[in-house]
Amino acid sequence: MTQEYLISQIQKKKSYLCIGLDVDLNKIPAHLLKEEDPIFTFNKAIIDATHHFCVAYKPNTAFYEAYGLKGWKALEKTINYLNENHPEIFTIADAKRGDIGNTSTMYAKAFFEDLAFDSVTVAPYMGKDSVEPFLAFENKHTILLALTSNEGAFDFQTKTVDGKELYKQVLETSKTWKNSENLMYVVGATKAKYLAEIRKIIPDNFLLVPGVGAQGGNLQDVCKYGMNKQVGLLINSSRGIIYASNNKDFAEVAAAKAKELQLEMEVILNN
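Now for a description of the structure that goes with this document. (Residues numbered from 1 in each chain as written. Predicted model: local features only at pLDDT ≥ 70, side-chain atom pairs only at ≥ 80, totals over all residues. Heavy atoms only, no water.)

**A few points about the pairing of strand β1 (residues 17-20)**
Here's step 1: Here β1 shows two buried faces, one formed by Leu17 and Ile19 and the other by Cys18 and Gly20.
Here's step 2: Pairing of β1 with strand β10 (residues 233-237), which is carried by three bridges, proceeds in the parallel orientation. In the sheet register, Cys18 faces β10, and the bridge partner there is Asn236.
Here's step 3: The sheet contact formed by β1 and strand β2 (residues 56-58) spans three bridges and is parallel. Residue Ile19 lies in a different strand from β2, and its bridge partner there is Tyr57.
Here's step 4: Between the parallel pair β1 and β2, the chain is carried across by helix α2 (residues 38-50), and the sense of this crossover is right-handed. (Buried < 20%, exposed > 50% of the residue type's maximum accessible area, 1.4 Å probe, protein only. Helix = DSSP H or I, 4+ residues; strand = E, 2+ residues; numbered from the N terminus. Pairing = 2+ DSSP bridges. Right-handed = clockwise from strand over helix to strand, strands pointing away.)

**A closer look at the sheet that holds strand β9 (residues 207-209)**
Here's step 1: The parallel closed barrel is built from eight strands, whose spatial order is β1-β2-β3-β4-β5-β8-β9-β10. Averaged over all neighbouring strand pairs, the angle between strand axes comes to 30°, with direction disregarded.
Here's step 2: Most of the contacts of helix α5 (residues 101-114) go to strand β3 (residues 90-97), to which it runs at about 155°, and overall it touches β3, β4 (119-122) and β5 (141-147).
Here's step 3: Here helix α6 (residues 128-135) sits on the sheet in contact with β3, β4, β5 and β8 (183-187), set at roughly 145° to β5. (Axes fitted to C-alpha atoms, helices over the stretch in contact; angles between N-to-C directions. Contact = heavy atoms within 4.5 Å.)

**Some remarks on the pattern of salt bridges**
Side chains that carry opposite charge are capable of pairing whenever their charged atoms lie near each other.
Here's step 1: Counted by the stated rule, this structure contains nine salt bridges.
Here's step 2: Lys77 serves as the salt-bridge partner of Asp37, at 2.9 Å between the closest nitrogen and oxygen. Of this pair, Asp37 sits in the loop between β1 and α2 while Lys77 sits in helix α4 (residues 68-85), placing them 40 residues apart in sequence.
Here's step 3: The class of Asp37 is buried, set by a relative accessible area of 14%.
Here's step 4: When salt bridges that share partners are traced, they join Glu165, Lys168, Glu197 and Lys200 into one network. (Salt bridge = Lys/Arg side-chain N within 4 Å of Asp/Glu carboxyl O.)

**What to know about the packing of α2 against helix α12 (residues 250-270)**
The description of two packed helices rests on the angle between their axes and on the distance between the axes.
Here's step 1: Where α2 meets α12, the closest approach of the two axes is 8 Å, and the angle between their N-to-C directions is 45°. Classified by the angle their axes make, α2 and α12 are oblique. Taken as a pair, α2 and α12 cross one another with a handedness that is right-handed. In this structure, α2 contributes Phe42, Ala45, Ile46, Ala49 and Thr50 to the contact, and α12 contributes Phe250, Ala251, Ala254, Ala255 and Ala258.
Here's step 2: Among the residues forming the contact of α2 with α12, the class breakdown is nine nonpolar, one polar and no charged. (Parallel < 35°, antiparallel > 145°, perpendicular 65-115°, else oblique. Left-handed = near helix turned anticlockwise from the far one by under 90°. Nonpolar A, V, L, I, M, F, W, Y, C, P; charged D, E, K, R; others polar.)

**Quick look at the nonpolar core**
Here's step 1: Judged by nonpolar contacts, the single largest core of 87 residues is most densely connected at Leu6, Tyr16, Ile19, Phe42, Leu233, Leu234 and Ile235.
Here's step 2: Beyond its immediate chain neighbours, meaning those up to four positions away, Leu233 contacts Ile10, Tyr16, Arg199, Phe206, Leu207, Val209, Val222, Cys223, Gly226 and Met227. (Core = buried A, V, L, I, M, F, W, Y, C linked by side-chain atoms within 4.5 Å.)

**Brief notes about unusual backbone geometry**
Here's step 1: The backbone of Ala116 sits at a positive phi, close to 60°, despite the residue not being glycine.
Here's step 2: The phi angle at Val231 is positive, at roughly 80°, despite the residue not being glycine.
Here's step 3: Within the secondary structure layout, Val231 lies in the loop between α10 (219-226) and β10.

**Structural notes on the environment of Arg97**
Here's step 1: Topologically, Arg97 is positioned in strand β3.
Here's step 2: Between the alpha carbons of Arg97 and Gln169 there is a distance of 20 Å; along the sequence they are 72 residues apart.
Here's step 3: When near neighbours in sequence (up to four residues on either side) are disregarded, Arg97 contacts Thr61, Glu65, Tyr107, Phe111, Thr121, Val122, Ala123 and Phe134.

Just distances and angles here, no functional claims.
As structure tokens, this is what we get:
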């Protein structure tokens, strides 16, 4: 998917909502556990109920890998269902990969070719040759971890090195990599006030912003500091939507929560 197409979907749906499909069998409604594939059954119900209100879905691969082969098959069925039924939806493999060149190429093939995701999250710690293999894929996007929402982000990301915070050096350096126009960046919603500084360095790139809702991030603040002329934001909500109910009405309640966020986004877009 091209960035231009993603922008057109944001404009059409009046939404920049991304829904995280982080399926924990301990949290999904108990009646689904009787299904042959409870993970996919849950995902399909959530997708069917919420796709009108979002422009992206983001399965975190850890929630599938934890269940072994069955979990991976459920992930495969989920991405196939999305690509076949909702090709207009931007898909994110939240895998946080990143390794030396040949290994990164294989990771990229796994997510971009075999599973046919539109994008994958990547850790920048190993530098240029660990990220460029992902960037080599046409019309695919690499979402680089820039400034994350967890408490441990302050261990390294905001440390000053040679007079500049490390996350800023990551942003500036990444712009010099081959095919850097295919980069997006992860910035946690709990770091909203950092967004103004981040936008000075990468004014035009999309930002994937997790942490709105359950993690305490504020949508208004994120948009105030992070939105650009093309919107340039994908606001992720996972638990706040998919686990809004653990009863048989879980999909309907999830849809209501997604619509609530979408309407809030529409108001911001119209102002």
